[in-house]
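Fold and geometry: a report
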Amino acid sequence: MTAIIEVSRLVKRFGPKVVLRQLDFRVETGEFVALLGPNGAGKTTFLRILSSLSRPTLGSVSVAGYSLPHQAASVRRRLGVVSHLPLLYGDLSAEENLLFYGRMYAVDKLSGRMDEVLEQVGLTNRRRDLVRTFSRGMQQRLAIGRAILHDPEVLLLDEPHTGLDQDACDMLDAALRQVAVRGRTVVMTSHDLSRAEDLASRFDVLARGTIQGSVQRQDIARDGLLGYYRKTLELSQNNAKNHKAEAAR
Amino acid sequence: MNGFAPFMRALSAVVWKDLRAEWRSRELLSAMLVFALLVILIFNFALELESTVRANVTAGVLWVTFTFAGQLGLNRSMAVEKDRGCLDGLLLAPVDRAAIYLGKTLANWVFMLLVAVIVLPIYSVLYNTNLFIPGLLLTILLGSEGYVAVGTLLSSMAVQARTRDILLPILLFPVAIPVVIAAVKATGGYLQGLDITEILPWLNLLITYDVVFTAVAFMVFDSVVEE
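Residues numbered from 1 in each chain as written. Chains lettered and ligands numbered in written order. Predicted model: local features only at pLDDT ≥ 70, side-chain atom pairs only at ≥ 80, totals over all residues.

Notes on the sheet that holds strand β1 (residues 3–14) of chain A
All names here are of chain A. So the rule is basically this: Note on pairing: two strands pair once DSSP finds at least 2 bridges between them. Helix numbers and strand numbers start at the N terminus; a helix is a DSSP run of H or I with at least 4 residues, a strand a run of E with at least 2. Note on geometry: axes are C-alpha line fits, over the in-contact stretch for helices, and angles between N-to-C directions span 0 to 180 degrees.
Read across the sheet, four strands follow the order β2-β1-β4-β5 without closing on themselves; strand pairing throughout is antiparallel. Since the sheet does not close on itself, it has two edges, and those belong to β2 (17–28) and β5 (66–68), each with one partner. This sheet shows a mean twist of 25° between the axes of neighbouring strands, independent of strand direction. As paired elements, β1 and β2 share eight bridges and run antiparallel to each other. Opposite Phe 14, over in β2, you have Lys 17 as the bridge partner.

Points about unusual backbone geometry
Residues and elements named next belong to chain A. Threshold: The burial criterion counts other C-beta atoms lying within 10 Å of a residue's C-beta, which is placed from the backbone; the residue is buried at 20 or more, exposed at 12 or fewer, and partly exposed between these limits.
The step from Leu 68 to Pro 69 runs through a cis peptide bond, and the omega angle for that step is 5°. Located in the positive-phi region is Lys 109, a residue other than glycine, with phi close to 45°. Considering the arrangement of structural elements, one finds Lys 109 in the loop between α3 (94–104) and α4 (110–120). One non-glycine residue, Asp 151, lies in the positive phi region at around 55°. Mapped onto the elements of the fold, Asp 151 is located in the loop between α5 (136–148) and β7 (154–158). Residue Asp 151 is classed as partly exposed on the basis of its C-beta count, with 15 C-beta atoms lying within 10 Å.

Quick look at the environment of Leu36(A)
All names here are of chain A. As for its placement among the helices and strands, Leu 36 is situated in strand β3 (residues 32–36). Since 28 C-beta atoms lie within 10 Å of it, Leu 36 is described here as buried. Considered as a pair, Leu 36 and Asp 204 are 168 residues apart in the sequence and their alpha carbons are 6.0 Å apart.

Regarding the packing of helix α1 (residues 4–25) of chain B against helix α5 (residues 97–127) of chain B
All names here are of chain B. Spelled out, the test is: Crossing handedness follows the turn of the near helix against the far one: under a right angle anticlockwise gives a left-handed crossing, and clockwise gives a right-handed one. Note on contacts: each residue gets a C-beta atom placed from the backbone, and two residues are in contact if those atoms are within 7 Å. The nonpolar class holds Ala, Val, Leu, Ile, Met, Phe, Trp, Tyr, Cys and Pro. Asp, Glu, Lys and Arg form the charged class, and all remaining residues, Gly among them, are polar.
Where α1 contacts α5, the two axes come as close as 8 Å, and the packing angle between them is 40°. Here the hand of the crossing between α1 and α5 comes out right-handed. Taking contact as the criterion, the partners of Phe 7, Ala 10, Leu 11, Val 14, Val 15, Asp 18, Leu 19 and Glu 22 in α1 are, on α5, Ala 99, Ile 100, Leu 102, Gly 103, Lys 104, Leu 106, Ala 107, Val 110 and Phe 111. Class assignment for the residues of the contact of α1 with α5 results in 13 nonpolar, one polar and three charged.

Details of the confidence of the model for chain B
Residues and elements named next belong to chain B. Defined as follows: As a per-residue quantity, pLDDT reports the predictor's confidence and falls between 0 and 100.
Of the residues in chain B, 97% have a pLDDT of 70 or more, and the chain-wide mean is 90. Per-element averaging of pLDDT across chain B places helix α3 (residues 51–83) at the bottom with 86 and helix α6 (residues 134–158) at the top with 94. For this predicted complex, the interface score ipTM comes out at 0.89, while the overall pTM is 0.89.

Quick look at the sheet that holds β3(A)
All names here are of chain A. Overall, mixed pairing links the six strands, which are arranged β6-β7-β8-β3-β9-β10 in an open sheet. Either end of the sheet is taken by a strand with one partner, and the two such strands are β6 (79–82) and β10 (210–216). Going from strand to strand, the sheet's axes swing by 15° on average, the running direction of each strand aside. Direction of pairing for β6 relative to β7: parallel, over a ladder of four bridges.

Considering the packing of α6(B) against helix α8 (residues 196–225) of chain B
When two helices pack together, you describe them by how their axes are tilted relative to each other and by the distance separating the axes. Residue and element names in this part refer to chain B. What counts here: These descriptions rest on fixed angle ranges, namely under 35 degrees for roughly parallel, over 145 for roughly antiparallel, 65 to 115 for roughly perpendicular, and the rest for oblique.
Contact geometry for α6 and α8: axes closest at 9 Å, N-to-C directions at 25°. Considering their axes alone, α6 and α8 lie roughly parallel with respect to each other. Taken as a pair, α6 and α8 cross one another with a handedness that is left-handed. Residue-level contacts link Gly 135, Thr 139, Leu 142, Gly 143, Glu 145, Gly 146, Ala 149, Val 150, Leu 153, Ser 156 and Met 157 of α6 to Ile 199, Leu 203, Leu 206, Ile 207, Tyr 209, Asp 210, Phe 213, Thr 214, Ala 217, Phe 221, Val 224 and Val 225 of α8. The class makeup of the residues in the contact of α6 with α8 is 15 nonpolar, six polar and two charged.

Re the interface of chain A and chain B
Between chain A and chain B, the contact holds 24 residues from the first and 21 residues from the second. Residue composition of the side of chain A that touches chain B, grouped by class: 13 nonpolar, four polar and seven charged.

Side note on helix α8 (residues 224–248) of chain A
Selection rule: One fewer than the residue count of a helix, multiplied by 1.5 Å, yields its expected span.
For α8(A), with 25 residues, the first-to-last C-alpha span of 37 Å sits near the 36 Å given by 1.5 Å per residue. Taken together, the buried residues of α8(A) touch β3, α7 (193–199), β9 (202–207) and β10 of chain A.

What about helix α7 (residues 164–191) of chain B?
Using the following cut-off: The angle between axes fitted to the seven-residue stretch ending at a residue and the seven-residue stretch beginning at it gives the bend at that residue.
Remark: the principal bend of α7(B), roughly 50°, maps to Ile177(B), with a proline, Pro178(B), within the next four residues. Among the residues trailing α7(B), Gly193(B) stands out with phi positive, at a value near 70°.

Written as C-alpha cells, this is what we have:
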C-alpha cells in the first residue's frame, strides 16, 4: 500500500500557543480514517494544514506526493474539503454553485458531471432551487457534491455531522459511503463515535496536539470504539501528568 | 500563455458568481444606493447651496458619497464570503489567487459604477448641475478603480477580524486619501471648466495610483488571505 498522506513531526503554533506537537500521521490510499478527539485537540487546525489553508510552523506534510505549502496548488487539485460550514453561496442555486466550483476546478464535461453528482447526493429535483432555501442536511449533501465534483483523490471532512438531525445524518452517511466505495481516501474528524464507527476503517485519537493512538476497525476490542477512545484519552492524561511531575522534579 | 487561460477562467467565474448572486439578492446594491441617495439629500438640505457655490462643492459631495457607499459595498462583498465559509471554498480552488482578487475587484468596481450611474442623474436634477462631462466620467472610472483595488485587498484583511465593520474604514480611508484627493480635484476642475493642462496632473496621479495599487494588491493578496 502507498501512503497518500504523510505527515512527519508537524508543529503548529499560534503565537505562544502550541496547537500541534510533533504530530506524525500516515494514511494509505483508499483508507477511511476517523480522527477523534476532544474539543481543542487540534483536529480542525490539522485538517486546515492538510487542506493547505494553513501553513505548518515546522515539520513536513505531503498529500498525493506533493509537499505543503510549496506545492499547494497541486495538492488542492487533488483534495475535496467538507467542513461544518457548507462553503456554498445561498443566493445561487444548487447547480449554479456546482457550475461555479466546476469552473474554478476546470472540471471536464462539467454539465454531465454536475448531473452525476446531483444524482449521487440526491438533489436532482432541487437543482434549480436557491441554496438558502435548503435545510441544513440538504446543504451538507450539496457540500459533499461540491467537494467531489472534481473527483478528488482525498476527501477531508471536518465534523460534517454538526447541526444535522438524525435523518439528515443518515442521508449524509449514505452519501459518504458512496464516496468511500469508489475508492477515495477519506479523513474525517468527528465527535460522533457511533457514526464514525459505522463509516471508517481506521480510528485515530488526537489529543494534546498529537496522535495518541490508532486502531483498525477489525482490531477494536469488545468494548467498542468508545472503550478504545476513553482508554486512549485516559492514557494520554496519565502520560501528561507523569511528564509534568518529571519536569517539576 | 499556459497559465493565462486558467487565470481568465477563474477570474470570469468569480465575477460571474458575484454578479449573479447580487442580481438575486440585491442586498449590496440596494444598501449602497439607499445610502448614496441619503447622503446626497442630506447635503442638499444641509448646505442649501447657491448656484455659485455648487460647482465648488459638488466634487467633494460626489466623492464623499461614492467613497462611503463604496465602503459599505466592499465590507458586504467580503462578509458574504466569510460568513458561510465561502472564502475557504475560494482559497481551496487550484487557481492563482490573484485571479480571485481581480475577480472580486472587478465585481466591486461594477457595483460602484452602477451606483454612480444612478446617483449622477439624480444629483444633476437635485443640484441643477450638469455632470455628464466625458472627462468627469473618466475621472469617476479611474477614481473608483483605485478605490476598489485597494478596498478589496483591505476588506479581505479586515474580514478576518471580529471588528471588521469598524476596521475596514480605519484601514481604507488613510490609504485611499491620494485617490480621493486626485479624484475630487479632477472632478472640480471639469465642473469649473478649467483647462485640461490644469486637470492632467490629477488624472496622471489617478492613473499612477490605479496601476501601482492594483499591481501591489495583485502581488500580496495571496499572503494577505493565508492563515
